[in-house]
Structure formats: structure tokens, C-alpha cells
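Next come the chains, spelled out residue by residue.
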Amino acid sequence: MTLETVPAGEEQDIKTILASLKQTAENGEPTGSMGHLVHRKAHGLLEATLTIDGGPEHLRFGLFERPGTYQCLIRFSNGSGKVQKDSAPDVRGVAIKVKLNDRDWSDVLYENETGNTQDILMSNGKVFFVRDVADYVEFTRQNANGTPLKFFFGGYNPFRWRFHEAMCLAGSIFEAVSNLLTIRYGSQTAFQIGPYAGKFLLVPSGQPAPQFKRNTSPNFLRETMANHLMIQPASFDLLIQVQSLPDKMPVEDPTVEWDEKLSPFYKVGTLHLPVQQFDNARCDKLAESLSFTPGHTVHHRPLGGINRVRMAVYSALSALRRRRNGVLK
Ligand code: HEM
């Protein structure tokens, strides 16, 4: 089954984006250690397990083929390239690294992870705010010029403004989050699930969470998560939705939400975060040393233009960051 349609000129566009992002990363931090170019502020690096507990038959492929429990590391982050107060409008990200075998973490994290890990990267919100690679060239250009809003509202002709994309982003950045363990996260882009294209969703589950209010601390998201996990565990259901009608559920445009009436989400696993203390220097160092990318996969190939550019960008940018910081040779 053909799941992707690659437009002419995309390869060149990906090179343009990559060159621009590398330059931004190097110009931003000409000396000293280098942070993540985006999703810079980590709230914490946590331990978890993912239990695959017999999802529906039609989704039993790859990681979801048979029951099992896997060790995971999870990095929670804000989406911005700046470290800013948690009260500022921002995307909230979760990056899950699933260890696929019994090797030690230390054996699989710092060399080629291929075959050892499955990473699943998600953000709050079901849709991304850029349709395709060609548009991402423009977004990168405006960002590099320090005028990101012009990507949405550039020029004098309102008929050419990107209102739809602005609404997609607004849905994520204006969500009033008080506890990162009680919100939903979506993969937004699609991945191969056997013969299908599918999207992931993470939905809080388990016992009712302790109630926390947003507060004036610049790092209240880390603090509420630490307080939550000091007194009780947290869990999420991992769900998958597969594409049923390609015209209405495009792979090449992640700003389009796939209608759950056309194809519902089904639970395939449970992510369990035990009681733990993660707000310490050792976990913070690990959060900055790791590389999470949709390219760390065995069976679930990232699909669509936005994922194709991500495949090029994450490996190059994380290698730059990790070499600069002495994590890789
Ligand atoms: C063209 C689109 C995108 C580009 C160019 C992009 C680029 C990046 C880059 C450069 C990083 C930092 C990588 C590193 O230093 O290790 C990053 C991190 C991240 N991205 Fe994306 N991204 C894109 C789309 C998305 C989408 C659609 C999602 C999920 C819905 C997402 C979720 C994340 C998350 C959660 C992280 C943090 C990973 C970590 O904790 O290490 N990104 N992205």
C-alpha cells in the first residue's frame, strides 16, 4: 500500500531547512554547552514502563504485536527554543524511549540506537501547525529572521494568511496546563502500523490525580509533577488510530485532525510512571544527553513530509548538541 506522496523539490527543501537550523543552533551557542534547539526546557527525565496488553487484532504489528512490558525513559519539555516561565504560552512535549531488549540502558543510549529503542514523540494537541515541507521552509525563514508571526500573518493580503495553522498552534500553546501528568498528547504526524498509517495518542488513566493549581513559580510544571510522583504513581493509556479514508485523513498534512467517527482510537498499551524522585542533577544531566527522534524505530516508520524533514533534522541536531557537550565522540 502506498502511504506517502513525496512532492517534487522536497529533498532540496529539506536540505535548506537543515542548513538553516544548524546555523541557528551554532549561532545561538557559539561556545560552551549546547541545549536542544527547540523543546529546550526539560521538566524532568522520568522512568516508566510500557505494557502492551493485547490491543485489537488489527493493530497487532511491530511493538504492539504481542503482550509484554518494556522499560522506558521519558523527557517532558516545553516546546520553545527558549527557557521561559511555565506560565508563558507554549507547547508541552513528551518524548518516550521504549527499550526493546534486555540490554542495559548504558549500552543502548550513546551509540547507534537502531534496533534497541522505539521513540514516540508527542505534544499536547492533536494537530501540528505546519502542513508540509514547503511551508516549513517559510516557517524556518521567518523564525531565523526573528519574525515567526509573519509565517502566519505575512504580507498585506489576508486571503494568503495562514489562519488555520495559527488556530492549530493556538490550540496547543493556550491549553492551561497545571499538571503534565493529567493532559493528553498526540503524535500529530503519522507512522506505519503494519500495512496502515496510524497516529498515537496518550490519555491519562488510572486513579484520580492529586489536584494542583498553576502558580507563580517559573517551574511549576516540574514542581507539580515532582509532588504528584512523590505521593502516587501516574499512568496513561497509549492509543492508536489508523487511517481509513486517505482523502479525509491525509498523511501529508498533519494540520488535519483525523475524525474519530471515521476511525476511532483503540488502546494498545499502558504507560506506568511509578512513584519516583526525578528532580535531581543526575536525571537533569541525562535529559540533556539523550537523543529522542522518530528515527529510533524498528517497525513504525515515520510517514509524511513533516516526518521526512524530522528524520533529517533530529539526527543532525542531536549529534551537534551531543558532540559539543562531549556526550558523543
Ligand atoms: C518539521 C517539523 C519539526 C521539526 C523540524 C522539529 C525539530 C525538532 C528539533 C530540532 C528538536 C530537538 C532535537 C534534539 O536536540 O535532540 C525537537 C525536539 C522535539 N520535538 Fe520536534 N520538530 C518537528 C515536529 C514535531 C512534531 C510534529 C512533534 C510531536 C507532535 C514534535 C515533538 C518533539 C518533542 C517532544 C521534542 C523533544 C525531544 C526531547 O525531549 O529530546 N516535533 N524537534
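Because the structure is a prediction, the values reported are computed rather than measured.

Next up on the list: the pattern of salt bridges. Under the counting rule described, the total for this entry stands at 19 salt bridges. The salt bridge partner of R222 is D284, with a shortest N-O separation of 3.0 Å. One end of the pair, R222, is in helix α6 (residues 220-231); the other, D284, is in helix α7 (residues 281-289), with 62 residues separating them in the sequence. Through salt bridges that share partners, E4, E10, E252, R301 and R308 make up one connected network.

This next bit is on the coordination of the iron atom of the ligand. Of all protein atoms, Y314 (OH) alone acts as a donor to the iron atom of the ligand, lying 1.9 Å away. Relative to the elements of secondary structure, Y314 occurs in helix α8 (residues 305-324).

In the region of the ligand, 23 residues are neighbours, and R75, Q188, R310, Y314 and R321 sit closest. At 3.2 Å, a side-chain N or O of H36 approaches an oxygen atom of the ligand. Y314 places a polar side-chain atom, nitrogen or oxygen, 2.8 Å from a nitrogen atom of the ligand. It is α8 that contributes the most residues to the shell around the ligand, 7 residues altogether. Looking at the shell around the ligand residue by residue, the classes come out as 12 nonpolar, 8 polar and 3 charged.

Moving on: the side chain of S172. Tracing the backbone through its elements, the reader meets S172 in helix α5 (residues 163-173). A relative accessible area of 4% places S172 in the buried class. Here the side chain of S172 touches N124 through a polar contact of 2.7 Å, landing on its backbone oxygen. Sequence-distant contacts of S172, that is, excluding residues within four places in its chain, are made with D90, V91, N124, G125 and Q188.

What follows concerns the packing of helix α1 (residues 10-28) against helix α3 (residues 133-144). It is the contact of α1 with α3, at a shortest axis distance of 9 Å, that shows an interaxial angle of 20°. Taken together, the axes of α1 and α3 lie roughly parallel to each other. Crossing angle aside, the handedness with which α1 passes α3 is left-handed. Along its contact with α1, which presents E10, D13, I14, T16, I17, S20 and L21, the element α3 presents V133, A134, Y136, V137, T140 and A144.

With that out of the way, let us pick up the nonpolar core. Of all hydrophobic cores here, the largest spans 50 residues; its most connected members are F76, I96, L271 and L273. Discounting chain neighbours no more than four positions away, the residues touching L273 are L46, E47, A48, I74, F76, L181, L229, P233, A234 and F236. If you look at the next biggest cluster of nonpolar residues, it comprises 26 residues, including I17, F151, A166 and A316.

Thresholds applied
Residues numbered from 1 in each chain as written. Predicted model: local features only at pLDDT ≥ 70, side-chain atom pairs only at ≥ 80, totals over all residues. Heavy atoms only, no water. Salt bridge = Lys/Arg side-chain N within 4 Å of Asp/Glu carboxyl O. Helix = DSSP H or I, 4+ residues; strand = E, 2+ residues; numbered from the N terminus. Donors = N, O, S within 2.8 Å, 3.2 Å for Na, K, Ca; no water. Near = heavy atom within 4 Å. Polar contact = N/O pair within 3.5 Å; in protein donor to acceptor, adjacent residues only side chain to side chain. Nonpolar A, V, L, I, M, F, W, Y, C, P; charged D, E, K, R; others polar. Buried < 20%, exposed > 50% of the residue type's maximum accessible area, 1.4 Å probe, protein only. Contact = heavy atoms within 4.5 Å. Axes fitted to C-alpha atoms, helices over the stretch in contact; angles between N-to-C directions. Parallel < 35°, antiparallel > 145°, perpendicular 65-115°, else oblique. Left-handed = near helix turned anticlockwise from the far one by under 90°. Core = buried A, V, L, I, M, F, W, Y, C linked by side-chain atoms within 4.5 Å.

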